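Observations on chain architecture
One-letter residues, chain by chain:
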Amino acid sequence: MTTTVRATWSNKLAFVLAAAASAVGLGSMWRFPYLAAKYGGGTFLFMYLVFVFTIGIALLLLETAFGRKTGQSSIGAFKAFGKKYAFIGVFMSSIPFIIVPYYCVIGGWTTKYMAAYITDGPAALADGGTYFSNFIANTPESMLFMLIFMAITYLVVGMGVNNGIEKANLVMMPALILVAAALAVYSLTLPGALEGVAFYLVPDLSKFSPELVVAALGQTFFTLSLAMGIMVTYGSYLEKKEKLTSSVMQIAGTTFGISLLAGFMIIPSTFAALGSGDAVAQNAGPSLMFVILPQVFNSMGPAGGIIGCVFFILVIFAALTSSISLVETCTAIIQDGSGCSRRRAFVVTIVFTTVAGIIVNLGYSGLSFIQPLGEGTTILDFLDFISNSVMMPISAILTCVFVGWIIKPKTIIDEVKVSAEFRLEKAWAVLIKYIAPICITIILVAYVAQTFGIITL
């Protein structure tokens, strides 16, 4: 057993940037614009805003305070209140190990497309999806770009909390915000873009539905990196003097702001190029990012190649900030759980992530016969569903029940009050004990039932 001094953030800004960087990932870059377009623009934005600054902030505060109080990642944090509760930490801790391999596969796709805008040009990528299909089925090439993305992630995490993660986020987060803002402004200058802005921002009350509420709540849950141990781990690196209440407000605000910018980048430009926001709504996930948007960039003329390259650099930054958080969390979990050195825990994380990533990548070629969720699905689809739609909601429900009914909200409230006033402590306690678990249960039941065709929302 090796005892090491636990790393701490240099200051509050370092923590806020790291936590916001973790939250701002591929989900913000393509999932948010797709959902906003699908669910009536302004109506979805309003619901998302409400959920981010209620349930989202409540859970952010819970996890960061929980981590800081115990000074441990997920397993150790729950175990600190009794060995019989360690299973909650184990369950939560398994989630980043499921997510990070397939996340790095998608990160490899974004890396390839950034390079392709330089080597092949925008026209080659705007062929209706053939380029993308050929790439992901080309095992050596897709494997190479996945490994490049992984290598960058490992390099940053390997340099440590202060010299690696802090310094990387200090560069990538401001760059991400500036580039996103510049692309958003450019998209607004395109002919027909203002109609896209109206489509994006003006509420369409006819689109209001239970499905919209579930989608907005789910997006809040996923984009804030909740219930997968990241915020518990990052909270454990935070010193007692730092104010948790203002920190979580800044994290939530940054996440919402970048999601909003992503919508401004994608929806008006897509509307301008294709004449309808429905093109965004009908092409979720990879189709939007790697098929529709290259067509949009190609329609911009000579500037399209530059815009496309810059856009995918932005997406790589967003993907990296999240993959770094995931790999760091996996490393901390192994280190805290086994008592080994950080270096050894990091090596184990690298080996696991790389091998698992290779298997996920082969799901589009040599292992394409494995279709866990039915015909046409892949290993990546299954891992994404099981982690995001099943395990994360269960993890959040268990955490809320644990804090709300077993150790009691006062335990976390006292930790928050170490460094700041907590005027909304009673409202927070109600959210954690009652509102959050009920709402998250709705997400879980609705997503699973819809996926298996039990209900149609």
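Details of the structure are given in the entry above.
Note that the structure is a prediction, hence the values are computed from the model and not measured.

Quick look at the overall build of the chain now. For the chain, the helix and strand inventory stands at 20 helices and zero strands. Relative to a compact globule of 457 residues, whose C-alpha radius of gyration would be 23 Å, the chain shows 21 Å and is just as compact. Oriented by its inertia axes, the alpha-carbon framework of the chain measures out at about 60 × 50 × 45 Å. Within the span of the chain, comprising 457 residues, buried residues form 58% of the whole. The long-range share in the chain, meaning contacts at least 24 apart out of those at least 6 apart in sequence, stands at 82%. Surface exposure of the chain reaches about 17,100 Å², of which carbon and sulfur atoms provide 68%. Here the chain holds 24 positive side-chain charges and 20 negative ones, and the gap between their average locations is 15 Å.

Running from N to C, helix α2 (residues 26–38) and helix α13 (residues 244–274) point in directions that differ by 70°, and their axes come no closer than 8 Å. The angle between the axes of α2 and α13 places the two elements in the roughly perpendicular class. Facing α2, whose interface residues are S28, M29, F32, P33, A36 and A37, α13 presents I258, S259, L260, A262, G263, M265, I266 and I267. Here the residues of the contact of α2 with α13 are counted per class, giving eleven nonpolar, three polar and no charged.

A few words now on the pattern of salt bridges. Inspection of the entire model under this criterion finds nine salt bridges. R342 is the salt-bridge partner of E328, the closest N and O atoms lying 2.7 Å from each other. Of this pair, E328 sits in helix α16 (residues 303–338) while R342 sits in helix α17 (residues 342–362), and the two are 14 residues apart along the sequence. K410 serves as the salt-bridge partner of D414, at 2.8 Å between the closest nitrogen and oxygen. Pair noted here: D414 and K410 are both in helix α19 (residues 409–416), with a separation of four residues, about one helical turn.

By secondary structure assignment, the location of T255 is in helix α13. Relative accessible area serves as the criterion here: at 1%, T255 is assigned to the buried category.

Let's shift gears to α13. When the terminal C-alpha atoms of α13 are compared, their 45 Å separation across 31 residues agrees well with the 45 Å that a helix rising 1.5 Å per residue should span. G275 occupies a position one or two residues after α13 and carries a positive phi of about 80°.

This part covers the nonpolar core. Counting 167 residues, the largest nonpolar core has W9, F44, W109, M265, F311 and W428 as its most contacted members. A total of 17 residues in this core trace back to one element, the largest contributor, which is α16. Apart from residues no more than four positions distant in its own chain, M265 is found in contact with M29, A180, L183, A184, S187, F311 and L314.

The next point concerns the layout of surface pockets. If you add up the space inside the largest pocket, you get close to 1,300 Å³. What lines the largest pocket is a set of 48 residues, among which W30, R31, F222, D384 and N388 lie closest to the centre. Among the secondary structure elements, those contributing two or more residues to the lining of the largest pocket are α1 (12–23), α2, α5 (86–119), α7 (130–137), α11 (210–223), α16, α18 (379–406) and α20 (425–451). It is α2 that provides the largest number of residues to the lining of the largest pocket, a total of eight residues. Taken together, the residues that form the lining of the largest pocket break down as 28 nonpolar, 15 polar and five charged.

The rules behind the values
Residue numbering note: each chain is counted from 1, following its sequence as written. Side-chain atom pairs in this predicted model are given and counted only at pLDDT of 80 or more, local residue features only at pLDDT of at least 70, and totals for whole chains, interfaces and linings cover all residues. Computation of side-chain values covers all heavy atoms of the structure but excludes hydrogens and water. Helix and strand assignments follow DSSP, with helices taken as H or I runs no shorter than four residues and strands as E runs no shorter than two, numbered in order from the N terminus. As defined in this context, the radius of gyration uses C-alpha atoms, and a globule is described by 2.2 Å times the residue total to the power 0.38. Relative accessibility under 20% of the residue-type maximum defines a buried residue, over 50% an exposed one, and the middle range a partly exposed one, all with a 1.4 Å probe and only protein chains included. Contacts are residue-level and defined by heavy atoms, with any inter-residue pair within 4.5 Å sufficient. Only the protein chains shown count as cover for residues, and the accessible areas themselves come from Shrake-Rupley with a 1.4 Å probe. Counted as positive: Lys and Arg. Counted as negative: Asp and Glu, with His and the chain ends omitted from the count. All charge positions are set by atom: Lys at NZ, Arg at CZ, Asp at CG, Glu at CD. An axis is simply a line fitted to the C-alpha atoms; with a helix, the fit covers only the stretch in contact. Between two such axes, the angle follows the N-to-C directions and lies from 0 to 180 degrees. Comment on the angle field: the value is read as roughly parallel under 35 degrees, roughly antiparallel over 145, roughly perpendicular from 65 to 115, and oblique elsewhere. Amino acid classes used here: Ala, Val, Leu, Ile, Met, Phe, Trp, Tyr, Cys and Pro are nonpolar; Asp, Glu, Lys and Arg are charged; the rest, including Gly, are polar. Salt bridges are counted wherever a side-chain nitrogen of Lys or Arg sits within 4 Å of a carboxyl oxygen of Asp or Glu. For a helix, the expected span equals 1.5 Å multiplied by the number of residues minus one. Among buried residues, the Ala, Val, Leu, Ile, Met, Phe, Trp, Tyr and Cys ones that are joined through side-chain atoms within 4.5 Å form a nonpolar core. Think of a 1 Å grid over just the protein atoms. A cavity is a set of points where a 1.4 Å probe fits yet cannot get out, a pocket is an open set with protein on both sides within 12 Å along at least five of seven lines, and lining residues have an atom within 4 Å of a point. Grid points are joined across faces, edges and corners, and a volume is the space filled by probe spheres set on the points.

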